[in-house]
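Listed here are the chains, written in short residue letters.
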Amino acid sequence: MTLETWVGIVCTLMAIISCIFQGVKLWLNRKTSDFSDLSYWAYGIGLIEVLIWMWYGVLKDDWPLILSNLFFTVYLSFVLLMKQQGGRRP
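Cut-off values and rules
- Residues numbered from 1 in each chain as written.
- Predicted model: local features only at pLDDT ≥ 70, side-chain atom pairs only at ≥ 80, totals over all residues.
- Heavy atoms only, no water.
- Phe/Tyr/Trp six-rings, centres within 6.5 Å; stacked < 30°, edge-to-face > 60°.
- Helix = DSSP H or I, 4+ residues; strand = E, 2+ residues; numbered from the N terminus.
- Buried < 20%, exposed > 50% of the residue type's maximum accessible area, 1.4 Å probe, protein only.
- Patch = residues over 30% accessible without salt bridge, like charges linked within 9 Å, V, L, I, M, F, W, Y side chains within 5 Å.
- Areas by Shrake-Rupley, 256 points an atom, 1.4 Å probe, with all protein chains shown as cover.
- Salt bridge = Lys/Arg side-chain N within 4 Å of Asp/Glu carboxyl O.
- Expected span 1.5 Å × (residues − 1).
- Bend = angle between axes of the 7 residues up to and from the residue.
- Contact = heavy atoms within 4.5 Å.
- Core = buried A, V, L, I, M, F, W, Y, C linked by side-chain atoms within 4.5 Å.

Enquirer: Can you explain the packing of aromatic side chains? Please cite residues and give values.
Expert: Per the counting criterion, the structure on display carries five aromatic pairs. Taken together, a centroid distance of 6.2 Å and an interplanar angle of 10 degrees make the contact between Phe71 and Tyr75 stacked. With a gap of four residues between them, Phe71 and Tyr75 both fall in helix α3 (residues 63-84), about one helical turn apart. Ring geometry for Phe72 versus Tyr75: centroids 6.5 Å apart, planes at 90 degrees, classification edge-to-face. Of this pair, Phe72 and Tyr75 both sit in helix α3, separated by three residues, roughly a single helical turn. Taken as a pair, Phe72 and Tyr75 share a single burial class, namely buried. Chaining the aromatic ring pairs together yields one cluster made of Phe71, Phe72 and Tyr75.

As C-alpha cells, then:
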C-alpha cells in the first residue's frame, strides 16, 4: 500500500471515532432534542455530500474514500431517521 492509502485509512478511522460516540449516545438515549432543525437540514445536505464522495471514490477505485463515506452514509441516515421518528429506533 502507498503512503497515500495509509493516510486515507488513518483519516477514515479518526473521522469514524470522532462521531461514533454521538451515534451510540443517540442510540441508547433516543433523545433527538439535542439536534436542532438546522442541524437536521445540515445532516441531510451532508448525506447528499457523502453519497457524491462515495461515488467519486468508486470512480477512482479508492477504498478508504469509499468505506469512510459508506460509514457516514449509514451514520447520517440513522441520525436523520431517529430525528424524523422523534427518537424511536428505526
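So that's the structure; there's more coming.
Enquirer: Which residues make up a nonpolar patch on the surface, and what are the values?
Expert: On the surface, Leu13, Ile17, Ile20, Phe21, Val24, Trp27 and Leu28 cluster together into a nonpolar patch covering about 700 Å² of accessible area. Locating Phe21 in the fold gives a position in helix α1 (residues 3-29). Taking the relative accessible area as the measure of exposure, Phe21 reaches 59% and is therefore exposed.

Enquirer: So what about α1? Which residues, and what values?
Expert: Taking 1.5 Å of rise per residue, the 27 residues of α1 would be expected to cover 39 Å, and the 40 Å separating its terminal C-alpha atoms lies within 8% of that figure. A bend of about 35 degrees at Cys19 is the largest found in α1. Residues of α1 that are buried make contact with α3. Downstream of α1 by one or two residues, Arg30 has phi in the positive range, about 55 degrees.

Enquirer: Break down the nonpolar core for me, citing the residues and quoting the values.
Expert: Ranked by size, the top nonpolar core spans 13 residues in total, and within it Leu26, Tyr43, Tyr75, Leu76 and Val79 carry the most contacts. Listed by contribution, the elements that provide at least two residues to this core are α1, α2 (37-60) and α3. In this structure, Tyr75 is in contact with Cys19, Gln22, Gly23 and Tyr43, ignoring residues within four places of it in sequence.

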